[in-house]
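# Architecture and fold: a report
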Amino acid sequence: MRELPLWCTFPNPFQAHRQIRKNKAHHKEYNTYLEKVLPPIASRLSKQLGWKVNTTIVHAMYKACSFEYSLFHNDKHWCCLFTQQDLLRLEYAGDIHVYWKHGFGSGLGYKMACPLFQDFVEHMEAKMAGLPSHEDERVRMRFAHAETLIPFLTLLVSGCNQAHQTHNRDSNAMSII
């Protein structure tokens with residue numbers, strides 16, 4: 001079995017998690033977007049349901065919709081309260097969160113994914129060129145957590161372009177995954 005290169009190990013995940021949590025740009029972009037889209041949804045739902053719905057409840061209702069749909073493929077309870085546009089806006093809020101927390105918005109994701117991406121491309125090029133060191137290798141498997149895969153998959157889609165994602169709906173994190 002091949003030994004992992006040093007960059008594949010993550011020496012202090014707790015420090016990295018603290019660094020990501022303290023990322024002010026993440027909170028600013030995410031909260032700015034939520035402050036823009038949640039109040040109109042809350043207002044509409046308040047009128048529709050006949051009781052006061054605040055933005056925290058909207059967020060909880062969307063989470064319930066997401067879980068209900070992912071686990072049971074059921075959109076008849078929580079999801080039916082939202083319009084298609086509501087769902088797209090709330091989904092995009094999640095994309096902003098993923099971008100700034102695990103993607104290139106934090107910078108950490110980029111630092112973790114670029115060496116893996118480089119190794120991936122070099123391995124594929126060597127395999128296609130038929131280099132002797134790669135002839136006997138039928139498959140190369142790697143195992144990782146979502147926090148490592150999301151930046152890597154983002155790199156596969158976008159290359160090393162680090163364009164910041166803000167409030168323009170031009171990509172969808174879940175379509176990458």
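All values derive from a computational prediction rather than experimental measurement.

## Quick look at unusual backbone geometry
A positive phi angle, near 55°, is found at H73, a position not held by glycine. Along the chain, the position of H73 falls in the loop between α3 (55-72) and α4 (84-102).

## Some points on the state of the cysteines
By the definition in use, this model includes 1 disulfide. In this model C65 forms its disulfide with C79; the gap between the sulfur atoms is 2.0 Å. Here the disulfide of C65 and C79 is right-handed, its torsion about the S-S bond being about 100°. Highlighted residues: C65 in helix α3 and C79 in the loop between α3 and α4, separated in sequence by 14 residues. Here C65 matches C79 in class, with each residue buried. Among the cysteines around C80, which has no disulfide bond, C79 carries the closest sulfur, lying 7.8 Å off. Here C80 falls in the partly exposed class, since its relative accessible area comes to 48%.

## Digging into the nonpolar core
In terms of nonpolar packing, the biggest core is built from 22 residues, with L45, V58 and F82 touching the most fellow members. Per element, the largest residue contribution to this core is 8 residues, and it comes from helix α2 (residues 24-49).

## Here's the deal with a nonpolar patch on the surface
Taken together, the side chains of F67, L71 and F72 make up a nonpolar region of the molecular surface, amounting to roughly 400 Å² of accessible area. Examined against the element boundaries, L71 turns out to sit in helix α3. Exposure remark for L71: the relative accessible area of 61% places this residue in the exposed category.

## Notes on the pattern of salt bridges
Any two side chains of opposite charge can pair, so long as their charged atoms come close to each other. As enumerated under the stated definition, the model contains 2 salt bridges in all. The partner of D86 in a salt bridge is R44, and the shortest N-O contact between them spans 2.2 Å. Of the two residues, D86 sits in helix α4 while R44 sits in helix α2, which places them 42 residues apart along the sequence. Look at D86 and you get buried, because its relative accessible area is 6%. Residue class for R44 comes out partly exposed when judged on its relative accessible area of 26%.

What counts as what
- Residues numbered from 1 in each chain as written.
- Predicted model: local features only at pLDDT ≥ 70, side-chain atom pairs only at ≥ 80, totals over all residues.
- Heavy atoms only, no water.
- Helix = DSSP H or I, 4+ residues; strand = E, 2+ residues; numbered from the N terminus.
- Disulfide = S-S within 2.5 Å.
- Buried < 20%, exposed > 50% of the residue type's maximum accessible area, 1.4 Å probe, protein only.
- Core = buried A, V, L, I, M, F, W, Y, C linked by side-chain atoms within 4.5 Å.
- Patch = residues over 30% accessible without salt bridge, like charges linked within 9 Å, V, L, I, M, F, W, Y side chains within 5 Å.
- Areas by Shrake-Rupley, 256 points an atom, 1.4 Å probe, with all protein chains shown as cover.
- Salt bridge = Lys/Arg side-chain N within 4 Å of Asp/Glu carboxyl O.

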